[in-house]
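Listed here are the chains, written in short residue letters.
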Amino acid sequence: MVIISIELKSANPNAEKAASENPFSQYREIVKKNLSNVGKVIAVHSGKGGVGKSTFSVNLAAFLAQKGFSSGLLDADIDCPSCNKMFGITERIKSVDGKFVPIEAFGVKVISAGNMVANSDEANVMRGPMMFKLIFELLAKTDWGSLDYLIIDLPPGTGDNPLTVMQLAPLYGIVVVTQPQEVAVVDAKKSVNMAAKTNIPVIGIVENMFGTIFGSGGAENAADSLEISFLGKIPLEQSIRESSDAGIPDVIKNKKLAGIFDSIISEAAI
Ligand SMILES: Nc1ncnc2c1ncn2[C@@H]1O[C@H](COP(=O)(O)OP(=O)(O)OP(=O)(O)O)[C@@H](O)[C@H]1O
Ligand SMILES: [Mg+2]
């Protein structure tokens, strides 16, 4: 595991007072500076696990790259990262001159904690403060060059790790991904509420895995009732799962899925 330590010092005498009012303001400023050449930073979230956040993030980043945008992806799921696997990246991240160097796959610059351990079975076992430090360093010390879009794949829940990203990163907004069934939608609503509590715009909701198993329409109903945009729906499809396992964003070769993503980004007006 590569960890680059950063000293938080400021020449501004008022900085300490400001920092005591908002303990993250100094961190946020450092992150903002590091991401100053990134056009839009978009996080992908849902309260519920396993609904397809990472699949959506990987395919969105790859689709944007395919459209000719410069695109990056930060896998902020430190405990159980999966974007490295979904992009087929096995090499370890290097640091050069104190900066992490993203690994490029399918035209996307990717950083994942899954590429910071010796092998894919090694667990990142750490408590909250260490997680905070690592997420901060990924945000503050990755050399993205200049990007049109940085997609941040968040872990599920409304706890420490997604909260850290929401408080530290200059987010343009979040996209909430949910399956259509009620058990998933109830947690997607919590994600929308978390964004409101942290003053982050919700770009909209995407329904993933609709079909005979999980049903259809739950995300659109939730979007209507919460008065937020419904961005589109992605079917439960074997090829999407198989491509994830094979380390290929399905959107690269699945024309129907590419059409869905085209429509999602146009609904999202990003
Ligand atoms: N539309 C889909 N059709 C078929 N399989 C899908 C679809 N979307 C996601 N999957 C599969 O479902 C599984 C869970 O997806 P994924 O890991 O993206 O969810 P997640 O929300 O990121 O999970 P976690 O909460 O653990 O981070 C993966 O195996 C993925 O390949
Ligand atoms: Mg995930």
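Here the residue numbers are simple positions, counted from 1 along each chain's written sequence. Each chain takes a letter, starting from A, and each ligand takes a number, starting from 1, following the order in which they are written. Only residues with pLDDT of at least 70 get local features here, since the model is predicted, and only at 80 or more are side-chain atom pairs given and counted; chain-wide, interface and lining totals rely on the full set of residues.

The next subject is the site of ligand 1. Every one of the 20 residues lining ligand 1 counts as a neighbour, but Gly 49, Gly 52, Ser 54, Thr 55 and Ser 244 are closest to it. Numbering of helices and strands runs from the N terminus; a helix is a DSSP stretch of H or I covering at least four residues, while a strand is a stretch of E covering at least two. Breaking the shell around ligand 1 down by element, the ones donating at least two residues are α3 (53-66), β9 (202-210) and α9 (238-246). Here the nonpolar group is Ala, Val, Leu, Ile, Met, Phe, Trp, Tyr, Cys and Pro; Asp, Glu, Lys and Arg are the charged ones; every other residue, Gly included, is treated as polar. Its residues assigned to classes, the shell around ligand 1 shows 8 nonpolar, 8 polar and 4 charged. Each residue receives a C-beta atom placed from its backbone. It is near a molecule or strand if this atom lies within 6 Å of it.

A separate point is the environment of Glu 207. Looking at where Glu 207 falls in the secondary structure, it is placed in strand β9. By the C-beta count within 10 Å, which is 30 here, Glu 207 ends up buried. Here contacts are defined at the residue level, using C-beta atoms placed from the backbone and a cut-off of 7 Å between them. With near-sequence residues (within four places) excluded, Glu 207 lies in contact with Thr 178, Pro 180, Gly 218, Ala 219, Glu 220 and Lys 233. Working definition of burial: number of other C-beta atoms within 10 Å of the residue's own, with buried at 20 or more, exposed at 12 or fewer, and partly exposed in between, all C-beta atoms being placed from the backbone.

Moving on to helix α6 (residues 160-168). Looking at α6, one finds that the buried residues are Asn 161, Pro 162, Thr 164, Val 165, Met 166 and Leu 168. Contacts made by the buried residues of α6 are with α2 (25-34), β1 (38-45), α5 (128-140) and β7 (147-153).

Okay, the nonpolar core next. We define a nonpolar core as a collection of buried residues of the types Ala, Val, Leu, Ile, Met, Phe, Trp, Tyr and Cys that are connected via C-beta atoms lying within 7 Å of each other. Ile 135 and Ile 152 are the most contacted members of the largest nonpolar core, which has 78 residues in total. For Ile 152, the residues in contact, after removing those within four places along its chain, are Val 41, Ala 43, Val 44, Leu 74, Ala 76, Val 165 and Ala 169.

Next up on the list: the packing of α5 against α6. Think of each axis as a best-fit line through the C-alpha atoms, taken over the contacting stretch in the case of a helix, with angles from 0 to 180 degrees between the N-to-C directions. Taken N-terminus to C-terminus, the directions of α5 and α6 make an angle of 40 degrees; their axes are 10 Å apart at the nearest point. Our classification of the angle between α5 and α6 gives oblique. Both α5 and α6 take part in a crossing whose hand is right-handed. Listed contacts from α6 to Gly 128, Met 131, Phe 132, Ile 135, Phe 136 and Leu 139 of α5 are Asp 160, Asn 161, Thr 164, Val 165 and Leu 168. Note on terminology: angles under 35 degrees are roughly parallel, angles over 145 are roughly antiparallel, angles of 65 to 115 are roughly perpendicular, and the others are oblique. Left-handed describes a crossing whose near helix is turned anticlockwise from the far helix through less than a right angle; right-handed describes the clockwise counterpart.

Moving on, we get to the sheet that holds β1. Judged by pairing direction, the sheet is mixed, and its 8 strands sit side by side in the order β5-β6-β2-β7-β1-β8-β9-β10 without closing on themselves. Strand pairing shows two members of the sheet lacking a second neighbour, β5 (103-105) and β10 (230-235), which therefore form its edges. Taken pair by pair, the neighbouring strands of this sheet meet at an average axis angle of 25 degrees, ignoring direction. Here, a strand pair is defined by DSSP locating no fewer than two bridges between the strands. Of the strand pairs in this sheet, strand β2 (residues 71-75) and β7 are connected by 5 bridges, and their pairing is parallel. Its bridge partner lying in β7, Gly 72 is registered against Leu 150. Across the sheet, helix α8 (residues 218-226) touches β8 (173-178), β9 and β10, and the angle it forms with β9 is around 160 degrees.

What follows concerns the packing of helix α7 (residues 182-197) against α8. Packing of α7 against α8 leaves a shortest axis separation of 10 Å and a crossing angle of 35 degrees. Crossing of α7 over α8 shows right-handed handedness. Of α8, the residues touching α7 (which contributes Glu 182, Val 185, Ala 188, Lys 189 and Val 192) are Gly 218, Ala 219, Ala 222 and Leu 226. Residue composition of the contact of α7 with α8, grouped by class: 6 nonpolar, 1 polar and 2 charged.

Among the 6 residues in β8, 5 count as buried, and that is most of the element. Here β1 runs beside β8; their pairing, made up of 4 bridges, is parallel. Among the inter-strand pairings, His 45 is bridged to a residue of β8, identified as Val 176. Two strands pair when backbone bridges link them, and β8 and β9 are joined in this way by 5 bridges, in the parallel orientation. Its bridge partner being in β9, Val 176 is matched across the sheet by Ile 205.

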